[in-house]
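Architecture and fold: a report
For reference, the chains in residue letters:
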Amino acid sequence: MNKDFAVMQGAFLAANKVSPLCSLLKPDWDKVGSSILGALREISEQKDSRDDVKKTLLCAVWLKLLCAEAEEDIEVTWRESSFFALQNGLPDLNRVVLLELVRSTRSANHFTRLLLCLPPSQLCAELQRFVQHISSSPVREEDLHFFLAVWQELWQIADVQSDSTEKMFAQEVSRLSSNALQQPAKRIKLDTPDCPDILDILFHALRDLKDQITTAELGFKALSLSLNALYTSFLIDAEAGISTKEKLEILTQMATIRERNHEKLSPKMIADSLKDLTATQVPSKFKPLQLNLGQVLAIVTDITKCWFSNGLLRVEDRSNPSYSTFTLKLSLQNVLAALDKTGETVDCASLKNLFESLDFSKVDGSPDFAAKITMTVISHKMDAYLNFALLFAGEKSWAACDESYINFLEKNQSAFRDHEAVAQLAQSIVGKFNSGFVDVGHYRKLMKVTADIFSALNVKDKNKALAALMDVSTRGFFGSNTPPTVTTSFEQELNMAFNCIIQGGGGTSAFSNLNTAASLVARVAFQNPEAAVKAMCNSAISNKGAFTIMAKILQLLPGLSGRLNESARDTGGKGLLCKCVKDIMKAKQMSQDEKEQLVKFLCLLMQPVEGAEEEGRGQSFILPQMVIYAFVLPNLALGCVDLEMSLQLLHRALCLPHQEGAPHWVMLCSPFPLLLVLAQLHNHTLSRRGEQSSDRTSVLSMETRELLVTVLVALGQVVGAEVMADSDSWSRALFWLYNKTEELDWTVRFLLKPVWGEHFKNEVPASLLAVCDLPEQEWSGVDLPQYGPGTGLVAWIECCCISDTLQSTMLSCLSLDQSKPDHVNMFSKGLLVALTQALPCCSLSQWSHLLRALRSLIDSGRLHVPFSLEYCDFLPLLDLRRFACELRLSVLLLRVFQLLCGSSCAHWLSRDGWGHVGTLYAHAVREMIGALKTKLPLTLATKDALAEDSTINHSEAVEGKERKEGKESVPSQEVLFVLSQIYCHVQHVQVMLPEGQCQQLFLSSLELLSHYEAVMGAFPESSSALESDNTRHFFNTITENLQNQEMKSVLQQKIAQLVSSAA
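The model shown is predicted, which means the values in this text are computed figures rather than measured ones.

Attention shifts here to the overall build of the protein. The number of helices and strands found in the protein is 49 helices and two strands. Overall, the C-alpha framework of the protein stretches about 145 × 65 × 60 Å when taken along its three principal axes. Burial status across the protein gives 52% buried among its 1063 residues. Long-range contacts, defined as pairs at least 24 residues apart, comprise 78% of the intrachain contacts of the protein with a sequence gap of at least 6. Carbon and sulfur atoms make up 51% of the accessible area of the protein, which totals about 48,100 Å².

Next up, the structure:
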C-alpha cells in the first residue's frame, strides 16, 4: 500500500506543479485532475477492491485538510496519526481538490459515509462547505448529480464505521476535535440557533439551485428526495407499516421499470432499489432544529410550481415511465397520505396537481420475476432478507421440485432458520406435491433440505414450527399420494432414530443425551408428526422402562401436543397423542405390563413440566381432562377390559398438584355424572360380593374394587371442595346426584360425604340406632329390608370400615354399659356374628379400618374375648398382659373362621371368596407379627432400652415398679409363646378352609416360623434345648393336619430349623 500511495503522492505533486492545489478553483480541476485520476486508476486496477483504494485516498486528503485547519503541530501528527505517512506526502490543498476528487471518481457513497463519521456540528459545517462548492460557478449538471447523490446517501446509509478505514477516520477526527476543545470559538455548535441544521442546509440549497436544474430526470429525482426528507423527518415517528409483500410489489415495479430502460437485472440494481425504498419508509436520523413543516412545504411547493410551470415535470412516455418518475409518485403518495392524517391545514394543491399529472400505466411484474427478485435479496442477504425469506416460504406458487429451487434452499438455509419460515416452507412444498406429479427424487431432496433447516433451529423455535405444522396436518409431508419409495426411506430414518434412543437403555447415558434424543425425534416428527408420536407411544408401551425417556422427550417437544397455539387447544381427548394411543390399543391386545407402562407414560405427561421453554413452562404435555375424555369416560363399564387401567389413570390424574384458587380441571369432565357412574360400579360390587358367577367379566377383582373406592373418595373430595367454594352454581347438580344415589347401597352416600358437606343428614339403617347413640340433628334411620332387627352391629361394622372419621364416631357413640357383664357378653357374641357376616365383604383397606376398631374395643374392655389354652399342654408362667390384645385378636379371628367354615355358613362363599377371606386373615396375621416386632425389637441390647421403648403401653405403672425392683426381663419367652399360639391358630384355619389351602396363609405361617427362629437366635436364653425340642414336636403335630403335601413339607423343614443355641 505504501508503494502504491507513493505513486499517488507523485501524481498530486505533479498536479501541484501545474496549478497550486492549495488555491485551486473549481474550473481549474480539469487541468490538474487527469494526472491524479490516472494514478488512481492505475493503482485500482491492481487491487481486488477498488473502493478501498478510493476510500483510503479520500481519508488521507480530508485529514490533510482537517489537520491544516486545526493547525496541528507536525510532531503531534507524526506521533499520533495513523494516516501520517499518507497525508504528509501530499502537498497543501483545499476542499476543491477533495470535492472534485469525489465527484470525478463517483465516490458519493464513500464521501457520505465519512461525512457521517463526523460529530454533528462538524458534519453541518462540512455539508455547508459542500453546498457552497456545488453552488459556486460554474454549476454543471455533474455538480447537481453529485449534490443529489450525497443527499440520497445521507438518507440511505444506516450504519457507519463498519470497516477499519471508517473507524480510523473517526478516531482521527475525534483526536483533532479534542485538541480543538481549547479553541471553542472555532467550533460550530449544532444546538445553537445560529447553527443551521442539515435539513435547512439541503432544502435551502435545493431552492437556490432550482433554476440550475433543467432536465426532467434531475427535477423528478430532486423532488423525490426532498419529499422523502419531508416525509421521514416531519411526518413519521416509526417505520411505516408496509408489509414485505407490499415491499416486494414496489420493488418488482422498480426493477421492471429499470429493466425497460435498458438496465440489466443484477444484485446491485435490486440492492439500490431496495435502499431507495427503505429510505422512504424509515424515520430519518436528521430531525429539524430550525425549519418547521410549513416552511419545508413552502420550499417544496415553490420549487414544484416553478418546475411545473416550466414544463419540467412533464411525463414524456406514460406507457414507459422512468425510474425517477416512479419514485417521485411514490414519494408524493406517502406525503399526501400522511398530510391527510395530520389534519393540518396546509396548501398541497400544487403537490396534488403534480401527483395527478404523473398518471402512467400501471407497472406489473410477473410472479416469476418477483420470485427471482426475492431469491436475489435472500441470496445476497440484502436489507430485511429474513422477511423476504418468510414471504418466499409462504408463496406456494413459487415452490418447485427442480434442481434450481433445491440448490437455492441448500445454499440459503440460514435465511429460513425461523420457525414460521420453515413451517410455511414445508406447507408450500407439500402443497406443490399434492397439486400434481413431481419427481420423487427431487421431493426426497426437498424433504431432506427442509428437515436440515428445521434441525438447525433451537428447541423453542422447533416447537413453534411443529405447532404450526400440526395446525395444518398431523401427517406432515406424507399425504394420501405419497409414493412408497418416499415412505420407505422415511420409515428407515424413523426406525434408526428410535433404535438409537432405545439402545441407549433409558439409563444415565440416555438422560445425558436427552437433548440429542429430542432433536432426533423432532426431525422425524417435523416430517410426519403422527408417525413419530405413534412410534414414541409404541416404544413407551412395548419396551420395558422406555416410557420414562419417551415422556421426557415429549415434554421437551410441547409443539407436538397440539396445545402450543391458543387456537388449537384440545380438551376433548382428540389430540394427536390420544389418537395414537387409541390406535395402538385397537391394533393389539395389551398385556398387563404394557398397560402399566401406558399408565405411567400418560401420568408423566400429565405432570407440569419444570424448567421448560416459555411456551411450555408450568404446563403438562397433555391435559388431565384430555386423558379422562379419551381413556376413562369410554371405559367406565362392567366387562370393559380397560376398566382397571382407566381407574388407575383417573386416580393418578386426581393426585396431580393443582393451582390454588383456580377451578379444578375435573369440573370440565362432567363430574357429577362421573361420580354417579363410579358409585354405580361400586354398588355393583357390593351387591355381588361373595357370589359365584359364570360371567367373569362382571366380577371385579378385589384390587380393582379397592381402587374404585379410592378413586370415588378422591373425586368426591375434589368435587366437594369446588361445591363448597361455589355452592349456588352447583346446588342443582348436587341434588340431582343425591337423588340418583337413593337407589344405591346406603354406604355409598357415606363415601360421597365430602360432596354433600352439611347439606343432607346421614341416613343409616334404623337398626344401627339401636346400638349407637347418634344425634338426631345429623343422623336419621331408614327402614331397609336387608337390615331387620338384630342387624345393628352389622351396620355398625360397615360404618367402621368406611373411614377413620366415621369409625371414631361409631366407637364414641356405641351404646354399651360396661358395668353390666351381661351387656358386654351379649355385645361380644353379637359382634362375633356380625364380624363373620362382614368379613367376606371387606376390601383390604376396609379390613385394616376394622382391625383398628377391634383393637380399640379389646383394649377398652368393651369386646370380651376369653383366651383358652387350646394349644398349650401346661400353664405358662409368663407375664402376657402386654400381649393380651394380640392373643385375643388371634382367638377372635379363629372363632370367626370357625363360624364361617361351619355347616351353616360354608356355602356362603365361592372359591375366590374363600381365597379373599384367607388373604384378609393373612393381612391381620402380618399386622400382629408387626406389633410383636415393635414390642420386642431384635436389635435390643439392654434391658434399659426395653424400659424406654415408648411403644410398650400396657400396665406402665406396674412395669415401672418392677423396673425399680430390678425384676424386669426381656419378654422374649412371651413373644415366642404368642407366636406359637398365632401359628397354631393359623394352621387351624388352614385346615378348616374348604377347597384346598390358602397361599397367603401359607406364607404367613412361614413368616411366623421365621420370626420365631429370629427371636430364638437373638435371645438364646429364651428357650432351652428341651423346650425347643418340645416346640418342634408340637408344631409338627399341628402341621401334620395340612392336606397340601408340598406346603406341609416346606413348613416341617422350617420347623426343623427351630433349634435353640443353648442346645
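Having seen the structure, we can now continue with the description.
The space that makes up the largest pocket amounts to roughly 1,500 Å³. The wall of the largest pocket is formed by 42 residues, among which Ala149, Gln152, Glu153, Lys221 and Asp272 lie closest to the centre. Class assignment for the residues of the lining of the largest pocket results in 14 nonpolar, 14 polar and 14 charged.

The next thing to look at is the nonpolar core. The nonpolar side chains of soluble globular proteins are, as a tendency, buried together. Of all hydrophobic cores here, the largest spans 354 residues; its most connected members are Phe12, Phe147, Phe416, Phe601 and Trp796. Apart from the residues lying within four places of it in its own chain, the contact partners of Phe147 are Phe130, Val131, Ile134, Leu202, Ala205, Leu206 and Leu209.

With that settled, the discussion passes to helix 49 (residues 1045-1056). Between its first and last C-alpha, helix 49 extends 16 Å over 12 residues, near the 16 Å set by a 1.5 Å rise per residue. Regarding helix 49, the residues found buried are Met1047, Lys1048, Leu1051, Lys1054 and Ile1055. Around the axis of helix 49, the buried residues are gathered within 130° of arc, so they sit on the same side. Opposite the buried face of helix 49, at more than 90 degrees from it, the exposed residues are Gln1045, Glu1046 and Gln1053. Each element contacted by the buried residues of helix 49 is listed here: helix 46 (972-992), helix 47 (999-1018) and helix 48 (1025-1039).

Within this structure, the stated rule accounts for 35 salt bridges. Across the pair Arg113 and Asp159 runs a salt bridge, and its minimum N-O distance is 4.0 Å. Here the residue Arg113 occupies a position in helix 7 (residues 108-115), and Asp159 occupies one in the loop between helix 9 (141-156) and helix 10 (164-180), the gap between them amounting to 46 residues. Asp159 sits in the partly exposed class, given a relative accessible area of 43%. One salt-bridge network, held together by shared partners, links Lys26, Glu100, Arg103, Arg140 and Asp143.

A cluster of nonpolar side chains, Leu869, Leu875 and Leu877, forms an exposed patch at the surface whose accessible area comes to about 360 Å². Take Leu877: it is sitting in the loop between helix 41 (844-859) and helix 42 (884-900).

Turning to the packing of aromatic side chains, a few remarks are in order. Applying the stated criterion across every chain, the model contains 32 aromatic pairs. Here the aromatic rings of Tyr983 and Phe1035 are separated by 4.8 Å at their centres, their planes lie at 45°, and the arrangement is tilted. Of the two residues, Tyr983 sits in helix 46 while Phe1035 sits in helix 48, which places them 52 residues apart along the sequence. An aromatic cluster of at least three residues, connected via ring pairs, comprises Trp62, Phe111, Phe130, Phe146, Phe147, Trp151, Trp155, Phe169, Phe203 and Phe286. A cation sits over an aromatic face here: Lys329 above Phe355, 5.6 Å from the ring centre. In this structure, Arg749 is placed above the aromatic ring of Tyr738, and the distance from its NZ or CZ to the ring centre is 3.8 Å.

Bringing unusual backbone geometry into the picture now. Residues Ser137 and Pro138 are joined by a peptide bond in cis, for which omega reads -5°. Despite not being glycine, Arg106 shows a phi value in the positive range, around 50°. Positive phi, close to 50°, is recorded for Lys381, a residue that is not glycine. Secondary-structure assignment places Lys381 in the loop between helix 18 (367-379) and helix 19 (385-394). We classify Lys381 as partly exposed; its relative accessible area is 44%.

Further remarks concern the confidence of the model for the protein. Atomic detail in the predicted coordinates should be set aside for any region of low pLDDT. Looking at the protein, the pLDDT average stands at 87 and 91% of residues meet or exceed 70. Across residues 506-511 the pLDDT falls below 50, and counting only partners more than four positions away or on other chains, this stretch makes seven contacts in the model. A low-confidence stretch, residues 692-697 stays under pLDDT 50, and its non-local contacts, those more than four residues away or across chains, total eight contacts.

This part is about the state of the cysteines. Going through the model one piece at a time under the given rule, you end up with zero disulfides. No disulfide involves Cys901; its nearest neighbouring cysteine sulfur is the one of Cys905, lying 9.1 Å away. The class of Cys901 is buried, set by a relative accessible area of 19%.

The next thing to look at is empty space enclosed by the protein. The tally for this structure, following the rule as stated, stands at four cavities of 30 Å³ or more. The volume enclosed by the largest cavity comes to roughly 100 Å³. Looking at the largest cavity, it is lined by 11 residues, and the ones nearest its centre are Thr685, Leu686, Arg705, Cys841 and Gln846. Those elements giving two or more residues to the lining of the largest cavity turn out to be helix 33 (671-687) and helix 34 (702-725).

What follows deals with the packing of helix 33 against helix 35 (residues 727-740). Remark: helix 33 packs on helix 35, axes separated minimally by 10 Å, with the N-to-C direction vectors making an angle of 15°. Looking at the two axes, helix 33 sits roughly parallel to helix 35. Between helix 33 and helix 35 lies a crossing whose hand is right-handed. Residues Phe672, Pro673, Leu675 and Leu676 of helix 33 form the contact with helix 35, whose participating residues are Trp730, Ala733, Leu734, Trp736, Leu737 and Lys740. Here the contact of helix 33 with helix 35 is composed, by residue class, of nine nonpolar, no polar and one charged.

As a further point, take helix 15 (residues 293-309). The first and last C-alpha atoms of helix 15 sit 24 Å apart over 17 residues, in line with the 24 Å expected at 1.5 Å per residue. Every buried residue of helix 15 is listed here: Leu293, Val296, Leu297, Ile299, Val300, Thr301, Ile303, Thr304, Cys306 and Trp307. On its buried face, helix 15 is in contact with helix 11 (198-209), helix 12 (216-235), helix 16 (323-342) and helix 17 (349-357). With a side-chain oxygen lying 3.2 Å from the backbone nitrogen of Gly294, the N-terminal cap of helix 15 falls on Asn292. Backbone geometry just after helix 15 places Gly311 at a positive phi near 75°.

If you trace the backbone, Ser324 turns up in helix 16. Side-chain polar atoms of Ser324 contact the side chain of Ser322, separated by 3.3 Å. Every residue in contact with Ser324, bar those within four places of it in the chain, is listed here: Glu217, Phe220 and Lys221.

Before going further, it helps to examine the environment of Trp307. Among the structural elements, Trp307 can be located in helix 15. Exposure remark for Trp307: the relative accessible area of 1% places this residue in the buried category. Along the primary structure Trp307 and Thr215 are separated by 92 residues, whereas in three dimensions their C-alpha atoms are 9.8 Å apart. Once you skip the residues sitting within four places of it in the chain, Trp307 turns out to touch Leu206, Lys210, Ile213, Gly219, Ala222, Leu223, Leu312 and Leu313. Within polar-contact distance, the side chain of Trp307 engages the backbone oxygen of Lys210 at 3.0 Å.

Cut-offs applied
- Residues numbered from 1 in each chain as written.
- Predicted model: local features only at pLDDT ≥ 70, side-chain atom pairs only at ≥ 80, totals over all residues.
- Heavy atoms only, no water.
- Helix = DSSP H or I, 4+ residues; strand = E, 2+ residues; numbered from the N terminus.
- Buried < 20%, exposed > 50% of the residue type's maximum accessible area, 1.4 Å probe, protein only.
- Contact = heavy atoms within 4.5 Å.
- Areas by Shrake-Rupley, 256 points an atom, 1.4 Å probe, with all protein chains shown as cover.
- 1 Å grid on protein atoms, 1.4 Å probe; cavity = no way out; pocket = protein on both sides within 12 Å on 5 of 7 lines; lining within 4 Å.
- Points joined across faces, edges and corners; volume = space filled by probe spheres on them.
- Nonpolar A, V, L, I, M, F, W, Y, C, P; charged D, E, K, R; others polar.
- Core = buried A, V, L, I, M, F, W, Y, C linked by side-chain atoms within 4.5 Å.
- Expected span 1.5 Å × (residues − 1).
- Arc of directions from axis to C-beta.
- Salt bridge = Lys/Arg side-chain N within 4 Å of Asp/Glu carboxyl O.
- Patch = residues over 30% accessible without salt bridge, like charges linked within 9 Å, V, L, I, M, F, W, Y side chains within 5 Å.
- Phe/Tyr/Trp six-rings, centres within 6.5 Å; stacked < 30°, edge-to-face > 60°.
- Lys NZ or Arg CZ within 6 Å of the ring centre and 35° of its normal.
- pLDDT = per-residue confidence, 0-100.
- Disulfide = S-S within 2.5 Å.
- Axes fitted to C-alpha atoms, helices over the stretch in contact; angles between N-to-C directions.
- Parallel < 35°, antiparallel > 145°, perpendicular 65-115°, else oblique.
- Left-handed = near helix turned anticlockwise from the far one by under 90°.
- Polar contact = N/O pair within 3.5 Å; in protein donor to acceptor, adjacent residues only side chain to side chain.

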